[in-house]
Amino acid sequence: FPVTIGCGEYSHLEDWTPVVVRWRDAHAATDPWVDISTYNPSECIITTYGHIWKDCLEGHLTVAGSVDGDKDIAGDVNHIPLGMVLEVKRLGENYA
């Protein structure tokens, strides 16, 4: 069962810990021009599954979707600004 780590409290996680991250994405309106009187914006909350890559990019939580067995190659790398992170859950042994 996933354990909630809580925003900003993931420094104790080891490299390549499997996690699920919920975060607020920066995004644009769907149309290039919007009618200000009727525009109804909404948040874009993203869920990313992967492995923590510690100390990769300052000010960001880096998550790699794929990591090889020797942990020397990573793919589908996302750098999520720390201020946009809503929740980090460590995935259990069954997900590693």
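Note that the coordinates shown come from a computational prediction; the quantities given were computed from them, not determined experimentally. (Residues numbered from 1 in each chain as written. Predicted model: local features only at pLDDT ≥ 70, side-chain atom pairs only at ≥ 80, totals over all residues. Heavy atoms only, no water.)

Draft legend 1. Quick peek at the side chain of His-51. By secondary structure assignment, the location of His-51 is in strand 3 (residues 45-52). Within the structure, His-51 has its side chain in polar contact with the backbone oxygen of Trp-16 (distance 3.3 Å). Setting aside residues no more than four positions away along its own chain, His-51 makes contact with Trp-16, Thr-17, Pro-18, Thr-62, Val-63, Ala-64, Gly-65 and Val-67. (Helix = DSSP H or I, 4+ residues; strand = E, 2+ residues; numbered from the N terminus. Polar contact = N/O pair within 3.5 Å; in protein donor to acceptor, adjacent residues only side chain to side chain. Contact = heavy atoms within 4.5 Å.)

Draft legend 2. Quick peek at the pattern of salt bridges. Evaluation of the coordinates by the stated rule reveals three salt bridges. When the shortest N-O distance is used, the salt bridge between Glu-87 and Lys-89 registers 4.0 Å. A relative accessible area of 19% places Glu-87 in the buried class. Lys-89 sits in the partly exposed class, given a relative accessible area of 27%. Counted as one network, the salt bridges with shared partners bring together Arg-22, Glu-87 and Lys-89. (Salt bridge = Lys/Arg side-chain N within 4 Å of Asp/Glu carboxyl O. Buried < 20%, exposed > 50% of the residue type's maximum accessible area, 1.4 Å probe, protein only.)

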